[in-house]
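Coordinate inspection notes
Below are the chains, spelled out letter by letter.
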Amino acid sequence: YTNRCAFFGDPTLLDISVLPLRPEADDWAFVFAGRNTLTSLRGQPGAPWRLAEADALWSLNRDLAVPLGYWGGKAAWAFSIPETTDTGLEALSGNLYSLLGRVEDSLFHAHGRAYQLLHWQDTHRYCGRCGSPTSVIEGGRAVACSDCSMRVYPRISPCVIVLVSKGNKLLLAAAAGYQKRFYSTLAGFMEPGETCEQTVMREVKEEVGIEVSNIRYFTSQPWPFPSQVMLGFFAEWQSGEIVPNPDEIEEAEWFDHGALPTTPPNASISGQLISHFLQAH
């Protein structure tokens, strides 16, 4: 395992190059009750459980354990327990988003992978082609139909997220339908047959009515809400006036770096795009 960690360059990252075969008492357990992740009140904030400790609290079904990889040198598994379960005083319960920016990025992504795989297996218990039950194969990397043998691997939805600038000003928008308003960069799912750059142009046009150019890739981030990968870009205003699409955007405007509204934390790719732009300007 030490050699595999050296390959990834960070011993705190979840190593998914090799998946464990069967749960053991001293392994790690990432436990979810519905959408809420359960973490121990002892040790590193947001850390998973030792499997034996979690098993003593909630009688985990090891036959339904989902292999995640290796974290901190030990095998790691994801478990789902009923949402109505009494979590007890030993556990801290909260939705996955509540961990963002409060725990190390590597630990947040480990929780994210656990939730994504649990969600994938839960939503693929039956074949999408013939309706027959599925079973887990390839050590947890896929599910297969018991009748027509169709295989399905974990689905990841690519999304673009873009910071649009106009000189020294940046375009931020408040999404429609949220009770607590905050301003963020624009984002949207890719459509079949599109390039990332085409998606950027289409989404910006659809959401705020302007044309953009000089599109540059920034970085990417897994986003487990429920199963996306965010592809970050910068773009520059080319033409048009801001006209928010009321179905998606409540308000959008150009902001000067000295008068920014409430924005996402730097743990999110939106926050990183904003911070990088401000540092460059």
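Up top is the structure these notes are about.
All of the points below concern the structure found in this document. (Residues numbered from 1 in each chain as written. Predicted model: local features only at pLDDT ≥ 70, side-chain atom pairs only at ≥ 80, totals over all residues. Heavy atoms only, no water.)

1. Re the nonpolar core
Note on soluble globular proteins: their nonpolar side chains tend to be buried together. With 39 residues, the main nonpolar core has Phe30, Leu68, Ala76, Leu163 and Leu172 as its most contacted residues. Elements with a contribution of two residues or more to this core: strand 1 (28-33), strand 4 (66-71), strand 5 (74-81), helix 3 (105-122), strand 10 (157-166), strand 11 (169-175), strand 15 (228-239) and helix 5 (269-280). In this structure Leu172 touches Leu163, Tyr183, Ser184, Thr185, Glu251, Ala252, Glu253, Phe255, Leu260, Pro261, Thr263 and Ile274, once residues within four positions along its chain are discounted. In this structure, Val160, Val162, Met190 and Val204 belong to the second largest nonpolar core, which totals 17 residues. (Core = buried A, V, L, I, M, F, W, Y, C linked by side-chain atoms within 4.5 Å. Buried < 20%, exposed > 50% of the residue type's maximum accessible area, 1.4 Å probe, protein only. Helix = DSSP H or I, 4+ residues; strand = E, 2+ residues; numbered from the N terminus. Contact = heavy atoms within 4.5 Å.)

2. Quick word on the pattern of salt bridges
The full count for this structure, using the stated rule, is eleven salt bridges. Close ionic contact of Asp55 with Arg62 constitutes a salt bridge, the shortest N to O distance being 3.6 Å. Residue Asp55 is classed as partly exposed on the basis of its relative accessible area of 21%. Note that Glu206 is salt-bridged to Arg202, the shortest N-O span being 3.2 Å. (Salt bridge = Lys/Arg side-chain N within 4 Å of Asp/Glu carboxyl O.)

3. What to know about the packing of aromatic side chains
For any pair of aromatic rings, geometry is given as the distance between the ring centres together with the angle between the planes. Enumeration over the complete set of coordinates arrives at eleven aromatic pairs. Seen in terms of ring centroids, Phe32 and Tyr115 are 5.5 Å apart; in terms of plane orientation they differ by 40 degrees. Their pairing is tilted. Placement of the pair is Phe32 in strand 1 and Tyr115 in helix 3, with a sequence separation of 83 residues. Residue class for Phe32 comes out buried when judged on its relative accessible area of 0%. Note on Tyr115: relative accessible area 13%, which makes it buried. Considering the side-chain rings of Trp223 and Phe225, the 4.9 Å spacing of their centres and the 65 degrees angle between planes classify their relative orientation as edge-to-face. Residue Trp223 is classed as buried on the basis of its relative accessible area, which comes to 15%. When its relative accessible area of 26% is taken as the criterion, Phe225 is described as partly exposed. (Phe/Tyr/Trp six-rings, centres within 6.5 Å; stacked < 30°, edge-to-face > 60°.)

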